Amino acid sequence: MIEVSNVVKVYQRGKTVVRALDGVSLSVPKGQFLSVMGTSGSGKSTLLNLLGALDVPTSGALRIDGQEISRFPDDALSRFRRDRLGFIFQFFNLLPTLSAVENVILPELLSGKPRAQLEPKAVALLEQFGLSGRGQHRPDELSGGEMQRVAVARALLSEPALLLADEPTGNLDSKTGAAVLQLIREATRQRGLTVVMVTHDPKAAEVGDRLVRLADGNIVGDELVRSAA
Ligand SMILES: Nc1ncnc2c1ncn2[C@@H]1O[C@H](COP(=O)(O)OP(=O)(O)OP(=O)(O)O)[C@@H](O)[C@H]1O
Ligand SMILES: [Mg+2]
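1. Remarks on the overall build of the protein chain
Across its full length, the protein chain holds seven helices and ten strands. The C-alpha atoms of the protein chain give 17 Å as radius of gyration, which agrees with the globular expectation for 229 residues (17 Å, within 12%). In the protein chain, which comprises 229 residues, the share counted as buried stands at 41%. Sequence separation of 24 or more characterises 68% of the internal contacts of the protein chain that already satisfy a separation of 6 or more.

Right, here's the structure in full:
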């Protein structure tokens, strides 16, 4: 599904040059749950942003289902992001003035889908994620774990093929984080989604099928996780 070939990403700020990714090659088959670990600054978010087409590589190629993302024309790129990709962030990125349901449907609403069609899907997803009765709550009326479950529902509403998660449990206590991870694990397995999840937490990484370690922009470890739940 994902084919990363010799990807280099260099950031230049004045005289400072940072090689955030230094020739990374990686293939992720459809349906795999890949965890990515590495010290701060090792290039994890850079890799995720390239996979999500939020940024372009300095050199090398990233292919999704055989298509080179950086060569997508603009309209194809936004369609790719909208229809095939779900994103989950460390800080949930919910809009504070919108209800849970509104947050879940917002991306699809902005892409022109009718509200009447989206709302029942959102309500069903929230229910499935243990949030029945929370649909009308605003983010400040939800716990951290509940906010992240709303964000997972938002990421899955468009039925994407690929889920990218950057430290989805980074702001949750370990018990809440474990519950959210289990939910991500189960919801993505049911749907046959490919997942790339960045985490600092070795316990979180074990939820995946495979663990890749980055250091200084290079892959320094790549192993199957035996205890995959
Ligand atoms: N937009 C940018 N401009 C310049 N340098 C950047 C930019 N984004 C990232 N970097 C640098 O690239 C390197 C890799 O950054 P990245 O965000 O990928 O690290 P990370 O592994 O996600 O770290 P963390 O665990 O702290 O989130 C770092 O040295 C960072 O300072
Ligand atoms: Mg990061």
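2. Let's talk about helix 3 (residues 100–110)
Along an α-helix, a turn takes 3.6 residues, which lines up residues three or four apart on a common side. Within the span of helix 3, buried status applies to Ala100, Val101, Asn103, Val104, Ile105 and Glu108. Summarising the contacts, the buried residues of helix 3 are in contact with helix 4 (115–128) and helix 5 (144–156). Downstream of helix 3 by a residue or two, Gly112 has a phi angle that is positive, lying close to 100°.

3. Section: unusual backbone geometry
The phi angle at Glu159 is positive, at roughly 55°, despite the residue not being glycine. As for its position among the elements, Glu159 is in the loop between helix 5 and strand 7 (162–166). Non-glycine residue Glu167 carries a positive phi angle of around 50°. Looking at the secondary structure, you find Glu167 in the loop between strand 7 and helix 6 (174–191).

4. Remarks on the site of ligand 1
For ligand 1, the full set of nearby residues is Tyr11, Arg13, Val18, Ala20, Gly38, Ser40, Gly41, Ser42, Gly43, Lys44, Ser45 and Thr46. Elements supplying a minimum of two residues to the shell around ligand 1: strand 1 (2–13), strand 2 (16–28) and helix 1 (44–51). By residue number, the principal contributor to the shell around ligand 1 is helix 1, which donates three residues.

5. Description of the sheet that holds strand 6 (residues 85–88)
Overall, mixed pairing links the six strands, which are arranged 6-7-8-3-9-10 in an open sheet. Two strands close off the open sheet at either side, each with one partner strand: strand 6 and strand 10 (218–224). With direction set aside, neighbouring strand axes in the sheet form an average angle of 15°. As paired elements, strand 3 (residues 33–38) and strand 9 (residues 210–215) share five bridges and run parallel to each other.

6. Concerning the sheet that holds strand 5 (residues 67–68)
If you walk across this open sheet you meet the four strands as 2-1-4-5, and the pairing is antiparallel. What marks the edges here is a single partner per strand, and that holds for strand 2 and strand 5. By the bridge criterion, five bridges tie strand 1 to strand 4 (residues 59–64) in an arrangement that is antiparallel. Counted as the bridge partner of Glu3 is Arg63 from strand 4.

7. Points about the nonpolar core
Counting residues in hydrophobic clusters, the biggest one holds 62 residues, and the most contacted among them are Val104 and Ala153. Examining the composition of this core, we find that seven residues originate from one element, helix 5, more than from any other.

8. With respect to helix 1
Of all the eight residues making up helix 1, six are buried; the element is thus mostly covered by neighbouring parts of the structure. Regarding helix 1, the residues found buried are Lys44, Thr46, Leu47, Leu48, Leu50 and Leu51. Of the residues trailing helix 1, Ala53 is marked for its positive phi of about 60°.

9. Re the pairing of strand 6
Of the two faces of strand 6, the one lined by Leu85 and Phe87 and the one lined by Gly86 and Ile88 are each fully buried. Summarising the sheet, strand 6 and strand 7 pair through four bridges and their orientation is parallel. By the bridge assignment for strand 7, Phe87 is matched with Leu164.

10. Quick word on the pairing of strand 1
Where strand 1 meets strand 2, ten bridges bridge the pair, whose relative direction is antiparallel. For Val7, the partnering residue across the bridge sits in strand 2 and is Val24. Hairpin connection of strand 1 to strand 2: two residues between the antiparallel strands, including Gly14 at a positive phi of 60°.

11. Quick notes on the packing of helix 3 against helix 4
One can describe the packing of helix 3 onto helix 4 by two numbers: an axis separation of 9 Å at closest approach and a directional angle of 130°. In terms of orientation, helix 3 and helix 4 fall into the oblique class. You can see that helix 3 and helix 4 cross each other, and the crossing is right-handed. Listed contacts from helix 4 to Ala100, Val101, Val104, Ile105, Glu108 and Leu109 of helix 3 are Arg115, Leu118, Glu119, Ala122, Val123, Leu125 and Leu126. Of the residues that constitute the contact of helix 3 with helix 4, the class distribution is ten nonpolar, no polar and three charged.

The rules behind the values
- Residues numbered from 1 in each chain as written.
- Chains lettered and ligands numbered in written order.
- Predicted model: local features only at pLDDT ≥ 70, side-chain atom pairs only at ≥ 80, totals over all residues.
- Helix = DSSP H or I, 4+ residues; strand = E, 2+ residues; numbered from the N terminus.
- Rg over C-alpha atoms; globule rule 2.2 N^0.38 Å.
- Buried ≥ 20, exposed ≤ 12 C-beta atoms within 10 Å, placed from the backbone.
- Contact = placed C-beta atoms within 7 Å.
- Near = placed C-beta within 6 Å.
- Pairing = 2+ DSSP bridges.
- Axes fitted to C-alpha atoms, helices over the stretch in contact; angles between N-to-C directions.
- Core = buried A, V, L, I, M, F, W, Y, C linked by C-beta atoms within 7 Å.
- Parallel < 35°, antiparallel > 145°, perpendicular 65-115°, else oblique.
- Left-handed = near helix turned anticlockwise from the far one by under 90°.
- Nonpolar A, V, L, I, M, F, W, Y, C, P; charged D, E, K, R; others polar.

Honestly, that's just the spatial picture; any functional story needs more than this.
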